[in-house]
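# Residue-level structure breakdown
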Amino acid sequence: MTSQDVADHAGVSRSTVSSILNGKDARFPQETRDRVFAAAAELGYRPSHAGRALAMGKSDIVLLLVPNATFGAQLQDGIDSLAGVAATHGLTLLVRFADPDADETLRAILNLRPAVVVDLGVLDQAGRDLVQAAGVRPVPQAIKEEPDEVDLLIGRIQVTEAFAHGRRRLIYASLADWRLDPVGPIRLRGAEAEAASRGADLTHIHVPLTADGATQALAEANAGSTEPLAVCCYNDDVAIAVLAAARKLGLAVPDEISVIGVDHTAIGQLVTPRLTSIAVDFAGLMEALLRELDTNGHGLPPSPDWSSFVRLAPGDTT
(Lines give C-alpha, C1' and ligand atoms only; values in the text may rest on other atoms or scores of the structure.)
Protein backbone atom coordinates (compact mmCIF):
# COMPACT_ATOMS: atom_id res chain seq x y z
CA MET A 1 0.00 0.00 0.00
CA THR A 2 1.46 3.37 -1.07
CA SER A 3 0.50 7.03 -0.96
CA GLN A 4 -0.28 6.75 -4.69
CA ASP A 5 -3.01 4.21 -3.86
CA VAL A 6 -4.50 6.70 -1.40
CA ALA A 7 -4.25 9.47 -4.00
CA ASP A 8 -6.05 7.36 -6.62
CA HIS A 9 -8.76 6.40 -4.13
CA ALA A 10 -9.30 10.02 -3.04
CA GLY A 11 -9.03 11.48 -6.54
CA VAL A 12 -6.15 13.80 -5.69
CA SER A 13 -2.42 13.99 -6.46
CA ARG A 14 0.23 12.07 -4.56
CA SER A 15 1.81 15.35 -3.39
CA THR A 16 -1.55 16.38 -1.93
CA VAL A 17 -1.74 13.13 0.05
CA SER A 18 1.81 13.58 1.30
CA SER A 19 1.21 17.16 2.40
CA ILE A 20 -2.06 16.42 4.20
CA LEU A 21 -0.87 13.27 5.99
CA ASN A 22 2.29 15.05 7.10
CA GLY A 23 0.36 17.90 8.70
CA LYS A 24 1.01 20.51 6.00
CA ASP A 25 -2.67 20.81 5.10
CA ALA A 26 -3.58 24.43 5.84
CA ARG A 27 -3.82 25.39 2.15
CA PHE A 28 -6.27 22.58 1.29
CA PRO A 29 -10.07 22.78 1.61
CA GLN A 30 -11.59 20.80 4.46
CA GLU A 31 -13.43 18.61 1.94
CA THR A 32 -10.09 17.58 0.34
CA ARG A 33 -8.54 16.83 3.71
CA ASP A 34 -11.53 14.74 4.72
CA ARG A 35 -11.33 12.73 1.47
CA VAL A 36 -7.65 11.99 1.97
CA PHE A 37 -8.05 10.93 5.60
CA ALA A 38 -11.07 8.79 4.70
CA ALA A 39 -9.17 7.11 1.83
CA ALA A 40 -6.17 6.42 4.07
CA ALA A 41 -8.44 4.91 6.74
CA GLU A 42 -10.34 2.74 4.25
CA LEU A 43 -7.11 1.41 2.74
CA GLY A 44 -5.35 0.98 6.11
CA TYR A 45 -2.49 3.20 4.95
CA ARG A 46 0.14 4.47 7.37
CA PRO A 47 2.91 6.88 6.29
CA SER A 48 6.35 5.27 6.10
CA HIS A 49 8.88 6.58 8.62
CA ALA A 50 11.69 5.44 6.34
CA GLY A 51 10.21 7.17 3.33
CA ARG A 52 9.65 10.36 5.26
CA ALA A 53 13.22 10.30 6.53
CA LEU A 54 14.50 9.83 2.97
CA ALA A 55 12.42 12.71 1.64
CA MET A 56 13.00 15.17 4.48
CA GLY A 57 16.56 14.20 5.48
CA LYS A 58 15.41 13.23 8.96
CA SER A 59 12.55 11.33 10.57
CA ASP A 60 10.01 12.01 13.31
CA ILE A 61 11.87 9.60 15.59
CA VAL A 62 13.36 10.40 18.98
CA LEU A 63 16.20 7.95 19.62
CA LEU A 64 16.99 7.30 23.29
CA LEU A 65 20.58 6.10 23.73
CA VAL A 66 21.06 4.04 26.90
CA PRO A 67 24.54 2.96 28.04
CA ASN A 68 25.24 -0.51 29.40
CA ALA A 69 25.14 0.97 32.86
CA THR A 70 24.04 0.45 36.44
CA PHE A 71 20.70 2.21 36.11
CA GLY A 72 18.06 1.11 38.58
CA ALA A 73 14.57 -0.21 38.02
CA GLN A 74 13.14 3.26 37.40
CA LEU A 75 14.59 3.38 33.88
CA GLN A 76 11.40 1.75 32.55
CA ASP A 77 9.27 4.49 34.12
CA GLY A 78 11.47 7.12 32.55
CA ILE A 79 11.24 5.53 29.11
CA ASP A 80 7.44 5.31 29.36
CA SER A 81 7.26 8.97 30.36
CA LEU A 82 9.57 10.06 27.56
CA ALA A 83 7.52 8.08 25.04
CA GLY A 84 4.36 9.85 26.16
CA VAL A 85 5.87 13.31 25.88
CA ALA A 86 7.33 12.51 22.46
CA ALA A 87 3.94 11.31 21.24
CA THR A 88 2.27 14.59 22.20
CA HIS A 89 4.70 16.31 19.82
CA GLY A 90 4.06 13.90 16.96
CA LEU A 91 7.28 11.99 17.59
CA THR A 92 8.01 8.29 18.00
CA LEU A 93 10.45 7.07 20.67
CA LEU A 94 12.94 4.30 19.90
CA VAL A 95 15.35 2.93 22.52
CA ARG A 96 18.82 1.71 21.62
CA PHE A 97 21.29 0.24 24.09
CA ALA A 98 24.80 1.25 23.19
CA ASP A 99 27.15 -1.08 21.34
CA PRO A 100 30.61 -1.70 22.82
CA ASP A 101 31.86 -0.28 19.50
CA ALA A 102 31.16 3.47 19.60
CA ASP A 103 31.51 3.73 15.81
CA GLU A 104 28.71 1.19 15.34
CA THR A 105 26.42 3.29 17.54
CA LEU A 106 27.20 6.38 15.47
CA ARG A 107 26.56 4.52 12.21
CA ALA A 108 23.19 3.36 13.51
CA ILE A 109 22.22 6.94 14.41
CA LEU A 110 23.22 8.33 11.04
CA ASN A 111 21.46 5.53 9.14
CA LEU A 112 18.23 5.99 11.09
CA ARG A 113 18.26 9.79 10.69
CA PRO A 114 16.28 10.54 13.85
CA ALA A 115 15.05 14.04 14.51
CA VAL A 116 16.56 13.96 18.00
CA VAL A 117 18.97 11.77 19.97
CA VAL A 118 18.43 11.82 23.74
CA ASP A 119 21.75 10.62 25.14
CA LEU A 120 22.01 9.20 28.67
CA GLY A 121 25.79 9.09 28.56
CA VAL A 122 26.82 7.13 25.45
CA LEU A 123 28.26 9.81 23.16
CA ASP A 124 31.39 11.81 23.84
CA GLN A 125 31.57 15.43 22.66
CA ALA A 126 33.11 14.41 19.32
CA GLY A 127 30.19 12.04 18.75
CA ARG A 128 27.67 14.77 19.58
CA ASP A 129 29.39 17.12 17.15
CA LEU A 130 29.29 14.50 14.39
CA VAL A 131 25.60 13.78 14.98
CA GLN A 132 24.77 17.48 14.93
CA ALA A 133 26.77 18.02 11.73
CA ALA A 134 24.57 15.35 10.09
CA GLY A 135 21.45 17.36 10.95
CA VAL A 136 20.41 15.30 13.98
CA ARG A 137 19.84 17.19 17.21
CA PRO A 138 21.57 15.71 20.28
CA VAL A 139 19.99 16.30 23.69
CA PRO A 140 21.85 17.47 25.64
CA GLN A 141 23.72 19.26 22.87
CA ALA A 142 27.00 19.36 24.76
CA ILE A 143 28.55 17.53 27.67
CA LYS A 144 28.27 19.76 30.69
CA GLU A 145 31.48 21.00 32.21
CA GLU A 146 29.82 20.88 35.62
CA PRO A 147 28.41 17.63 37.08
CA ASP A 148 24.68 16.95 36.96
CA GLU A 149 22.90 19.04 39.57
CA VAL A 150 20.45 16.29 40.50
CA ASP A 151 23.09 13.72 41.40
CA LEU A 152 25.16 16.27 43.32
CA LEU A 153 22.01 17.11 45.27
CA ILE A 154 21.35 13.44 46.02
CA GLY A 155 24.75 13.07 47.68
CA ARG A 156 24.24 16.25 49.70
CA ILE A 157 20.79 15.18 50.93
CA GLN A 158 22.16 11.81 52.01
CA VAL A 159 24.86 13.39 54.17
CA THR A 160 22.40 15.94 55.58
CA GLU A 161 20.09 13.11 56.63
CA ALA A 162 23.00 11.14 58.08
CA PHE A 163 23.89 14.03 60.40
CA ALA A 164 20.29 14.92 61.25
CA HIS A 165 20.35 12.32 64.05
CA GLY A 166 23.80 13.04 65.47
CA ARG A 167 27.32 13.13 64.13
CA ARG A 168 28.63 9.83 62.72
CA ARG A 169 31.56 8.52 60.74
CA LEU A 170 30.59 8.80 57.09
CA ILE A 171 30.96 6.12 54.42
CA TYR A 172 29.91 6.36 50.79
CA ALA A 173 29.14 2.92 49.32
CA SER A 174 29.44 2.63 45.54
CA LEU A 175 28.27 -0.39 43.58
CA ALA A 176 31.07 -2.82 42.73
CA ASP A 177 30.12 -3.65 39.15
CA TRP A 178 31.90 -3.95 35.80
CA ARG A 179 29.33 -1.85 33.97
CA LEU A 180 29.53 1.88 33.34
CA ASP A 181 28.45 4.05 36.27
CA PRO A 182 27.61 7.50 34.88
CA VAL A 183 26.05 8.93 38.05
CA GLY A 184 27.70 7.25 41.07
CA PRO A 185 30.87 9.38 41.00
CA ILE A 186 28.76 12.54 40.84
CA ARG A 187 26.68 11.47 43.85
CA LEU A 188 29.95 10.76 45.66
CA ARG A 189 31.17 14.28 44.85
CA GLY A 190 27.96 15.73 46.26
CA ALA A 191 28.37 13.69 49.46
CA GLU A 192 32.02 14.73 49.77
CA ALA A 193 31.12 18.40 49.29
CA GLU A 194 28.43 18.28 51.97
CA ALA A 195 30.70 16.38 54.36
CA ALA A 196 33.49 18.92 53.84
CA SER A 197 31.08 21.79 54.54
CA ARG A 198 30.42 20.15 57.91
CA GLY A 199 34.09 19.51 58.65
CA ALA A 200 33.66 15.74 58.34
CA ASP A 201 35.71 13.09 56.56
CA LEU A 202 34.13 10.54 54.22
CA THR A 203 35.40 7.05 53.43
CA HIS A 204 34.63 5.58 50.01
CA ILE A 205 34.06 1.83 49.59
CA HIS A 206 32.80 -0.44 46.79
CA VAL A 207 30.08 -2.91 47.75
CA PRO A 208 29.16 -5.96 45.63
CA LEU A 209 25.59 -7.28 45.67
CA THR A 210 26.53 -10.45 47.55
CA ALA A 211 26.19 -11.08 51.27
CA ASP A 212 29.81 -12.19 51.71
CA GLY A 213 31.24 -9.44 49.51
CA ALA A 214 29.20 -6.72 51.19
CA THR A 215 30.12 -8.03 54.65
CA GLN A 216 33.80 -8.01 53.82
CA ALA A 217 33.66 -4.46 52.42
CA LEU A 218 31.79 -3.13 55.46
CA ALA A 219 33.98 -5.00 57.95
CA GLU A 220 37.16 -3.60 56.40
CA ALA A 221 35.76 -0.05 56.44
CA ASN A 222 34.73 -0.39 60.10
CA ALA A 223 37.84 -2.18 61.37
CA GLY A 224 39.13 -0.81 64.67
CA SER A 225 36.33 1.72 65.10
CA THR A 226 33.56 1.87 67.68
CA GLU A 227 32.05 5.12 66.37
CA PRO A 228 28.52 4.86 64.91
CA LEU A 229 28.46 4.72 61.12
CA ALA A 230 26.34 6.44 58.49
CA VAL A 231 26.49 4.75 55.08
CA CYS A 232 25.28 6.76 52.06
CA CYS A 233 24.65 4.25 49.29
CA TYR A 234 24.69 4.59 45.50
CA ASN A 235 21.18 3.09 45.30
CA ASP A 236 18.71 0.94 47.22
CA ASP A 237 20.31 -2.30 45.99
CA VAL A 238 23.61 -1.32 47.60
CA ALA A 239 21.79 -0.15 50.72
CA ILE A 240 20.04 -3.52 51.10
CA ALA A 241 23.40 -5.27 50.70
CA VAL A 242 24.83 -3.03 53.45
CA LEU A 243 21.88 -3.87 55.71
CA ALA A 244 22.53 -7.58 55.17
CA ALA A 245 26.20 -7.04 56.01
CA ALA A 246 25.29 -5.11 59.14
CA ARG A 247 23.17 -8.03 60.37
CA LYS A 248 26.03 -10.47 59.79
CA LEU A 249 28.42 -8.18 61.67
CA GLY A 250 25.98 -7.67 64.56
CA LEU A 251 25.62 -3.92 64.02
CA ALA A 252 22.29 -2.52 65.22
CA VAL A 253 20.32 -0.42 62.74
CA PRO A 254 20.04 2.55 63.11
CA ASP A 255 21.80 2.90 66.48
CA GLU A 256 25.23 1.63 65.39
CA ILE A 257 24.85 2.04 61.64
CA SER A 258 22.44 4.15 59.63
CA VAL A 259 21.87 3.43 55.94
CA ILE A 260 20.48 5.66 53.20
CA GLY A 261 19.70 4.46 49.67
CA VAL A 262 18.57 6.11 46.44
CA ASP A 263 15.55 5.37 44.20
CA HIS A 264 12.96 4.63 46.93
CA THR A 265 12.25 1.22 45.37
CA ALA A 266 9.37 -1.03 46.38
CA ILE A 267 11.76 -3.74 47.61
CA GLY A 268 13.51 -1.21 49.84
CA GLN A 269 10.18 -0.52 51.53
CA LEU A 270 9.58 -4.25 52.14
CA VAL A 271 12.83 -5.03 53.97
CA THR A 272 13.06 -4.80 57.76
CA PRO A 273 13.91 -2.22 58.93
CA ARG A 274 12.26 -0.19 56.19
CA LEU A 275 14.90 1.59 54.15
CA THR A 276 15.42 5.35 54.29
CA SER A 277 16.01 6.47 50.72
CA ILE A 278 16.12 9.37 48.28
CA ALA A 279 13.13 9.39 45.93
CA VAL A 280 14.02 10.54 42.41
CA ASP A 281 11.37 11.55 39.89
CA PHE A 282 13.19 9.79 37.04
CA ALA A 283 10.19 10.05 34.73
CA GLY A 284 10.09 13.80 35.34
CA LEU A 285 13.80 14.08 34.62
CA MET A 286 13.32 12.34 31.28
CA GLU A 287 10.53 14.75 30.42
CA ALA A 288 12.81 17.65 31.32
CA LEU A 289 15.28 16.47 28.71
CA LEU A 290 12.64 17.06 26.07
CA ARG A 291 12.31 20.68 27.13
CA GLU A 292 15.35 21.24 24.95
CA LEU A 293 13.29 20.29 21.90
CA ASP A 294 11.65 22.85 19.64
CA THR A 295 9.56 20.59 17.45
CA ASN A 296 7.61 22.29 14.65
CA GLY A 297 8.40 25.65 16.20
CA HIS A 298 6.63 24.90 19.48
CA GLY A 299 8.96 25.27 22.44
CA LEU A 300 8.40 23.44 25.71
CA PRO A 301 8.34 25.28 29.05
CA PRO A 302 11.69 26.11 30.68
CA SER A 303 13.19 23.51 32.99
CA PRO A 304 12.00 23.74 36.61
CA ASP A 305 14.18 23.86 39.70
CA TRP A 306 16.13 20.56 39.66
CA SER A 307 15.55 20.11 43.39
CA SER A 308 11.89 19.47 42.60
CA PHE A 309 12.89 16.07 41.23
CA VAL A 310 14.55 14.84 44.44
CA ARG A 311 13.22 14.34 47.98
CA LEU A 312 14.06 12.44 51.14
CA ALA A 313 11.85 9.38 51.70
CA PRO A 314 12.16 8.73 55.45
CA GLY A 315 12.34 5.14 56.67
CA ASP A 316 13.61 3.26 59.69
CA THR A 317 17.30 2.96 58.85
CA THR A 318 18.37 6.46 59.94
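Given the structure is predicted, the values throughout are model-derived calculations rather than measurements. (Residues numbered from 1 in each chain as written. Predicted model: local features only at pLDDT ≥ 70, side-chain atom pairs only at ≥ 80, totals over all residues. Heavy atoms only, no water.)

What follows covers the side chain of Thr-16. Within the secondary structure, Thr-16 sits in helix α2 (residues 14–21). Residue classification places Thr-16 among the buried positions, given a relative accessible area of 11%. A polar contact is formed between the side chain of Thr-16 and the side chain of Ser-13, at a distance of 2.8 Å. Apart from residues no more than four positions distant in its own chain, Thr-16 is found in contact with Phe-28 and Thr-32. (Helix = DSSP H or I, 4+ residues; strand = E, 2+ residues; numbered from the N terminus. Buried < 20%, exposed > 50% of the residue type's maximum accessible area, 1.4 Å probe, protein only. Polar contact = N/O pair within 3.5 Å; in protein donor to acceptor, adjacent residues only side chain to side chain. Contact = heavy atoms within 4.5 Å.)

With an omega dihedral of 5°, the bond running from Val-253 to Pro-254 counts as a cis peptide bond. Within the fold, Pro-254 resides in the loop between α11 (236–249) and β8 (257–262). Of note, the bond from Thr-272 into Pro-273 is cis; its omega dihedral lies within 30 degrees of zero at 0°. Its location among the elements puts Pro-273 in the loop between β8 and β9 (276–280). With a phi angle near 115°, Asp-263 is a residue other than glycine that sits in the positive phi range. You can see Asp-263 is positioned in the loop between β8 and β9. Given the relative accessible area of 10%, Asp-263 is considered buried. The backbone of His-264 shows a phi angle near 50°, a positive value even though the residue is not glycine. Position of His-264 among the secondary structure elements: in the loop between β8 and β9.

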